[in-house]
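A structural walkthrough
Listed below, chain by chain, are the residues.
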Amino acid sequence: MSIATSSATSPTKEYIKANKERFLNELFELLRIPSVSADSKYKPDILKMAGAVKDKLLAAGADKAELVQTSGNPVVYGEKIIDAKLPTVLVYGHYDVQPADPLNLWNSPPFEPVIKDEKIYARGACDDKGQMFMHIKALETMLKTNSLPCNVKFMIEGEEEVGSSNLGKFLEDNKERLKSDVILISDTGLIANDIPSLDVGLRGLCYMEVEVTGPNRDLHSGTYGGAVGNPINILCEMIASMKDKNNHITIPGFYDDVIELSAEERSEMAKTPFSLDAYKKDLDINDICGETSFTTIERTGIRPTLDVNGIWGGYTGEGAKTVLPSKAFAKISMRLVPGQKSAKAAKLFTTYFNSIAPKSVKVKVTEHHGGEPVLTPTNSIAYKAASLALEDTFGKKPIPTRGGGSIPIVALFESVLGLKSVLMGFGLDTDAIHSPNEHFGIFNFFKGIETIPLFFKHYSELSKK
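Now for a quick tour of the structure. Keep in mind the model is a prediction, meaning the values are calculated, not measured.

All right, on to the overall build of the chain then. Check the secondary structure of the chain and you find 13 helices and 20 strands. Compactness check: the chain gives a C-alpha radius of gyration of 23 Å against a globular reference of 23 Å for 465 residues, within 12% of the reference. When the backbone C-alpha atoms are referred to their principal axes, the chain occupies close to 80 × 50 × 45 Å. Across the 465 residues that make up the chain, the buried fraction comes to 53%. Intrachain contacts of the chain at a sequence separation of at least 6 include 79% that bridge at least 24 residues. Carbon and sulfur atoms make up 50% of the accessible area of the chain, which amounts to about 20,900 Å² in all.

As structure tokens, this is what we get:
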């Protein structure tokens, strides 16, 4: 794999090239740790992973690195302060990963990283261990080449994949420690390896779980079928009723606070390179599906959603069991857009779900976690620095895009610390994050390490003007 030529300093490129294999081997060490935050049985691995990140920061040249305890998983904090008078960049990332299930769909074990077709396959390869580790190696590279132009702090958390519920208090308790000028995050992606981009917005999230209960026990479907409400049937009908024929969400008041884009803004979005045929081919689908009157890019960037993430109940084992189940369950997420609030969305959902339940069942709604949608400015020094850095390494200006995912901490950074974030990610939509066979391109990994020092360079220079 050859690193593309750019205006990055020769010592920087030479150092990256000379240490390529070591950088990959160190990343593999982290990928082998199953730091799944959603399952308590992995708690020892979470702690092992946190300790490993701390050790990598110290080895890279951080002045100090430590584990800061929270009510949940520890936060890894590190810093390299070269001059208190210089600007400070706070790097955010996360070391926890999604569950690897379903395991049978992986082509190789999820926590035994392998390289195939110039891609690193492992859970967390892209989201977010690979991208987080780019920053640690960029720090090492800048220090070894004597090119770090400003101060840098690291805040690497272990609960992003379960909603970052302890981060608000952590920020409040550590305002002085985290004092910085800007947040730099690589947990997003590029349009393509030859089309650089910068996310200027993220959708929020509201994650719910519902339980529908019918009879007080599982029943014989012959003896009782047709006379007693089936919770699974009813749950499916209730979920289906939450969207109309145009895939418009039917929850009363759900769209009231959505900030609609102007025709001019939508026209600018339409300039983003996109092939519908390639999109369908990649997903092996015959057609797309979504809210009427919006394009695919708009549906995944500027429109709210409601999706079932899991549904279960009754008998799912081998063979047949003629049972009318007592209970049915579903996990449902809503992606939110600027103007919407997760707390209000949860309340609207709960009220509506209860209102559409027939008298034959009882329902219970549980709110798991949420995060707020955000927009980042494109006229800031930090955004301009990121744009220049990407232009240096890709040879063309990045396109501003709206990300469909959620990073709950971004809104917290703004509300608690008063800091804006720059979303400079290097993954691709095709990297299968949260899915079996997650991967991260070797090109992308090293392109990140190459580009991050240039962000520091341009940010420092622009801050002096």
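Having put the structure on the table, let's press on.
Okay, the sheet that holds strand S20 (residues 439-441) next. Read across the open sheet, the three strands follow the order S4-S5-S20; overall the sheet is antiparallel. Each edge of the open sheet carries a strand with a single partner, namely strand S4 (114-116) and S20. Here the strands of the sheet are splayed against their neighbours by 30° on average, with no regard to which way each runs. Strands S4, strand S5 (119-121) and S20 of the sheet are contacted by helix H13 (residues 442-464), whose axis makes an angle of about 60° with S20.

A word on unusual backbone geometry. With the exception of glycine, the majority of residues adopt a negative phi angle, and the majority of peptide bonds are in the trans configuration. The step from Asp101 to Pro102 runs through a cis peptide bond, and the omega angle for that step is -5°. Asp127 connects to Asp128 through a cis peptide bond whose omega is 0°. Along the polypeptide, Asp128 turns up in the loop between S5 and helix H4 (129-144). Backbone geometry at Asp117 places phi at a positive 55°, although glycine is not the residue there.

If you walk through the whole model with that rule in mind, you get one cavity of 30 Å³ or more. When its volume is computed, the largest cavity comes out at roughly 60 Å³. In this structure, the largest cavity is lined by Gly253, Phe254, Asp257, Gln340, Lys341, Lys344, Ala345 and Leu348. Along the lines of polarity and charge, the residues of the lining of the largest cavity split into three nonpolar, two polar and three charged.

Time to look at the packing of aromatic side chains. Inspection of the entire model under this criterion finds 11 aromatic pairs. Centroid distance Tyr92 to Phe413: 5.7 Å. Interplanar angle 80°. Geometry classified as edge-to-face. Of this pair, Tyr92 sits in strand S3 (residues 88-94) while Phe413 sits in helix H12 (residues 408-417), placing them 321 residues apart in sequence. Using a relative accessible area of 2% as the deciding quantity, one classes Tyr92 as buried. Judged by its relative accessible area of 0%, Phe413 falls in the buried class. Both rings, one in Phe133 and one in Phe445, keep their centres 6.5 Å apart while their planes meet at 5°; by these two values the pair is stacked. With a gap of 312 residues between them, Phe133 in helix H4 and Phe445 in helix H13 connect regions that are remote in the sequence. Taking the relative accessible area as the measure of exposure, Phe133 reaches 0% and is therefore buried. Counting every residue linked through ring pairs, the aromatic cluster contains Phe133, Phe445 and Phe446.

Within the largest apolar cluster, 65 residues are counted, with the highest numbers of intra-cluster contacts made by Val53, Val89, Tyr95, Met424, Phe445, Phe455 and Phe456. Residues contacting Phe455, with those up to four places away along its chain left out, are Val89, Leu184, Ala382, Ala385, Ala386, Ala389 and Met424.

This part covers helix H6 (residues 231-240). All of the buried residues in H6 are Pro231, Ile234, Leu235, Met238 and Ile239. All buried residues of H6 lie within an arc of 135° about the axis, which places them on one face of the element. Residues of H6 that are exposed and angled more than 90 degrees away from the buried face: Glu237 and Ala240. The inward-facing, buried residues of H6 contact strand S10 (204-213), strand S12 (307-313), strand S13 (323-324), strand S14 (327-336), helix H10 (342-355) and strand S15 (362-371). Regarding H6, its N-cap is Asn230, as a side-chain oxygen of that residue lies 2.9 Å from the backbone nitrogen of Ile232 further along.

The rules we used
- Residues numbered from 1 in each chain as written.
- Predicted model: local features only at pLDDT ≥ 70, side-chain atom pairs only at ≥ 80, totals over all residues.
- Heavy atoms only, no water.
- Helix = DSSP H or I, 4+ residues; strand = E, 2+ residues; numbered from the N terminus.
- Rg over C-alpha atoms; globule rule 2.2 N^0.38 Å.
- Buried < 20%, exposed > 50% of the residue type's maximum accessible area, 1.4 Å probe, protein only.
- Contact = heavy atoms within 4.5 Å.
- Areas by Shrake-Rupley, 256 points an atom, 1.4 Å probe, with all protein chains shown as cover.
- Pairing = 2+ DSSP bridges.
- Axes fitted to C-alpha atoms, helices over the stretch in contact; angles between N-to-C directions.
- 1 Å grid on protein atoms, 1.4 Å probe; cavity = no way out; pocket = protein on both sides within 12 Å on 5 of 7 lines; lining within 4 Å.
- Points joined across faces, edges and corners; volume = space filled by probe spheres on them.
- Nonpolar A, V, L, I, M, F, W, Y, C, P; charged D, E, K, R; others polar.
- Phe/Tyr/Trp six-rings, centres within 6.5 Å; stacked < 30°, edge-to-face > 60°.
- Core = buried A, V, L, I, M, F, W, Y, C linked by side-chain atoms within 4.5 Å.
- Arc of directions from axis to C-beta.
- Polar contact = N/O pair within 3.5 Å; in protein donor to acceptor, adjacent residues only side chain to side chain.

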